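# Working through the structure, step by step
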Amino acid sequence: MTDSGVDLEPGGTDDLGKALAVFTSVRPRLFGIAYRMLSSATEAEDLVQEVWLRWQMYDRSTVLNPGAFLATTTTRLAVNALQSARVRRETYVGPWLPEPVDTSADPYLGAERGEALEFAALMLMEKLTPNERAAYVLREAFDYGYGKIAEVLQATEPAVRQLVSRARRHMTGERRKTVPAAAQRQLLTAFLTAARSGDTTALEQLFAADVASLSDGNGRLGVARRPIVGVPQVTQFMNAISDWFWDGLDVRWASTNGQTSAVLLRNGAEFGVLTVSATAEGIDRVMWMFNPEKIATVSELAESPTSQTDGVPGHRRGIRKN
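This structure is a prediction, so every number in the text was calculated from the model and none was measured. (Residues numbered from 1 in each chain as written. Predicted model: local features only at pLDDT ≥ 70, side-chain atom pairs only at ≥ 80, totals over all residues. Heavy atoms only, no water.)

### Observations concerning the pattern of salt bridges
Defined as follows: When a carboxyl oxygen of Asp or Glu is within 4 Å of a side-chain nitrogen of Lys or Arg, the pair counts as a salt bridge. Secondary structure elements follow DSSP: runs of H or I of four or more residues count as helices, runs of E of two or more count as strands, with numbering from the N terminus. For every residue, the accessible area obtained with a 1.4 Å probe (protein chains only) is divided by the maximum for its type, and the residue is called buried under 20%, exposed over 50%, and partly exposed between those limits.
Under the definition given, this model contains 12 salt bridges. For Arg-27, the salt bridge goes to Glu-45, with nearest N and O atoms at 2.5 Å. On the criterion of sequence distance, the pair formed by Arg-27 in helix H1 (residues 12-38) and Glu-45 in helix H2 (residues 41-57) is long-range, its members being 18 residues apart. By relative accessible area, which is 34% here, Glu-45 ends up partly exposed.

Printed below as a string of structure tokens:
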């Protein structure tokens with residue numbers, strides 16, 4: 001018997017059913033680790049599936065702690081996958097943004113700790129080495145002890161402490177304190193209202209001094225391929241597109257990465273996902289995601305008109321330019 005209470009002696013259909021039960025019980029945690037490592041829900045799902053295949057083939061009678069074994073396998077595969085992903089991202093056309101994950105559909109992602117889940121944090125973690133990122137994720141998001149992280153990464157405990165320390169210095173040195181989720185939603189709503197009407201004064205008041213607009217389309221026609229930085233530049237950009245971009249465009253709300261995003265629909269089909277990050281100084285990042293491969297999994301929230309949507313323009317009816 002293992003500490004999970006499930007007999008893992010190999011043998012036949014019954015054993016496979018027990019293996020599946022063990023795997024299913026820890027699968028949310030495995031996905032949480034993989035997603036924070038890869039910043040891609042699609043790649044995380046593929047990786048977790050690979051872990052399941054390996055778990056089926058493994059001599060499970062030798063495993064004393066299935067949960068720890070599966071988390072270790074996930075982390076090590078994620079370290080390898082991240083190295084390959086970085087090579088692919090070098091040829092990405094235009095800004096690269098994390099793939100949004102629907103946290104309304106999978107609330108466990110932030111159930112233990114919401115660390116390393118917001119877009120701002122994921123973007124900063126792109127600058128960490130794979131081992132630094134793994135150590136940081138396991139420590140900050142899942143509260144692993146240094147000794148346990150050392151076992152996972154096959155390193156010494158002092159080396160792991162250095163990895164976590166370097167990662168923390170990078171994250172705290174560059175990461176700003178973001179506003180609460182409710183405030184972020186209000187700012188996104190205000191941004192949409194000002195953007196659709198071309199209200200430059202309102203936009204300027206919403207932005208932090210170093211605001212940047214980032215459009216992720218991987219070469220998609222009509223998508224900006226360079227960041228637009230600065231209040232005057234972003235305001236001018238939003239004003240320039242206000243005459244045509246919002247025409248016939250519906251907007252629905254989704255919960256992604258623990259915050260609110262706007263799902264943009266044209267002719268009933270997902271066209272893009274828009275969200276903002278903000279600090280006490282205002283909106284510092286406007287993030288547009290138009291890569292079809294990244295936005296396909298983001299679902300709409302089934303909110304009633306009275307549930308957290310009062311005063312939100314365009315809910316259900318869609319945002320349209322007057």
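Picking up after the structure, the text goes on.
### Digging into the sheet that holds strand E1 (residues 207-216)
Hydrogen bonds along the backbone pair up the strands of a sheet, which may run parallel or antiparallel. Just so we agree on the cut-off: At least two bridges found by DSSP between two strands are what make those strands a pair. Contacts between residues were defined by any pair of non-hydrogen atoms, one from each residue, lying within 4.5 Å. A fitted line through C-alpha atoms serves as each axis, taken over the contacting stretch for helices, and the angle formed by two N-to-C directions is quoted from 0 to 180°.
With mixed pairing, six strands are arranged side by side in an open sheet as E2-E1-E6-E5-E4-E3. Each edge of the open sheet is held by one strand with a lone partner, namely strand E2 (228-229) and strand E3 (249-256). Direction of pairing for strand E5 (residues 269-279) relative to strand E6 (residues 282-289): antiparallel, over a ladder of seven bridges. The partner of Leu-274 across the bridge, within E6, is Trp-288. Packed onto the sheet, helix H8 (residues 181-197) meets E1, E3, strand E4 (259-266), E5 and E6 and runs at close to 120° relative to E5. Against the sheet, helix H10 (residues 231-241) engages E1, E2 and E6, with an angle of about 50° to E1.

### A few points about the packing of helix H5 (residues 130-141) against helix H7 (residues 157-174)
Heads up, the condition is: Each angle gets one of four labels, with under 35 degrees taken as roughly parallel, over 145 as roughly antiparallel, 65 to 115 as roughly perpendicular, and the rest as oblique. Residues are grouped as follows: Ala, Val, Leu, Ile, Met, Phe, Trp, Tyr, Cys and Pro are nonpolar; Asp, Glu, Lys and Arg are charged; all remaining types, including Gly, are polar.
The interhelical angle for the contact between H5 and H7, taken along N-to-C directions, is 85°, at an axis separation of 8 Å. By the angle between their directions, the pair H5 and H7 is classed as roughly perpendicular. Mapping the contact onto sequence places Asn-131, Glu-132, Ala-135, Tyr-136, Arg-139 and Glu-140 in H5 and Leu-163, Val-164, Arg-166, Ala-167, Arg-168 and Met-171 in H7. By residue class, the composition of the contact of H5 with H7 is six nonpolar, one polar and five charged.

### Observations regarding the environment of Ser-277
Here Ser-277 lies in strand E5. Note: C-alpha distance between Ser-277 and Gln-259 (18 residues apart in sequence) is 8.9 Å. Beyond its immediate sequence surroundings of up to four residues, Ser-277 is in contact with Gly-282, Ile-283, Asp-284, Arg-285 and Met-287.

### Things to note about the packing of helix H3 (residues 66-89) against H5
Condition: Note on convention: the crossing is left-handed when the near helix lies turned anticlockwise from the far helix by less than a right angle, right-handed when the turn is clockwise.
Running from N to C, H3 and H5 cross one another at 135°; their axes reach a closest spacing of 9 Å. Considering their axes alone, H3 and H5 lie oblique with respect to each other. In terms of crossing hand, the pair formed by H3 and H5 is right-handed. In this structure, H3 contributes Thr-75, Val-79, Leu-82, Gln-83 and Arg-86 to the contact, and H5 contributes Pro-130, Asn-131, Arg-133, Ala-134 and Leu-138.

### Thoughts on the nonpolar core
Using the following cut-off: Grouping buried Ala, Val, Leu, Ile, Met, Phe, Trp, Tyr and Cys residues that are joined through side-chain atoms within 4.5 Å yields what is termed a nonpolar core.
If you look at the biggest cluster of nonpolar residues, it comprises 51 residues, and the most contacted ones within it are Phe-23, Leu-30, Tyr-35, Met-37, Trp-55, Leu-70 and Met-125. Secondary-structure elements contributing two or more residues to this core are H1, H2, H3, helix H4 (119-125), H5, helix H6 (146-153) and H7. No other element matches H1, which puts 11 residues into this core. Every residue in contact with Met-37, bar those within four places of it in the chain, is listed here: Ala-78, Val-79, Leu-82, Pro-130, Arg-133, Ala-134 and Val-137. Ranked by size, the runner-up nonpolar core spans 32 residues in total, among them Phe-245, Trp-246, Leu-274 and Ala-278.

### Thoughts on the side chain of Gln-259
With respect to the secondary-structure elements, Gln-259 resides in strand E4. Gln-259 has contacts with Glu-118, Gln-184, Ala-254 and Val-276, leaving out every residue within four places of it along the chain.

### Regarding unusual backbone geometry
Its identity as a non-glycine residue notwithstanding, Asp-143 has a phi of 55°, on the positive side. The topology assignment puts Asp-143 in the loop between H5 and H6. Here Asp-143 falls in the partly exposed class, since its relative accessible area comes to 47%. A positive phi angle is found at Asn-218, which is not glycine, with a value near 50°. Summarising the element assignment, Asn-218 is placed in the loop between E1 and E2.

### Some remarks on the pairing of E5
When you tally the buried positions in E5, you get nine out of 11 residues, the bulk of the element. Relative to E5, E4 runs antiparallel, the two sharing five bridges. Bridging from a neighbouring strand, Ala-262 pairs with Leu-274 of E5. Between the end of E4 and the start of E5, which pair antiparallel, lie two residues, with Asn-267 showing a positive phi angle near 55°. As consecutive antiparallel partners, E5 and E6 are separated by two residues.

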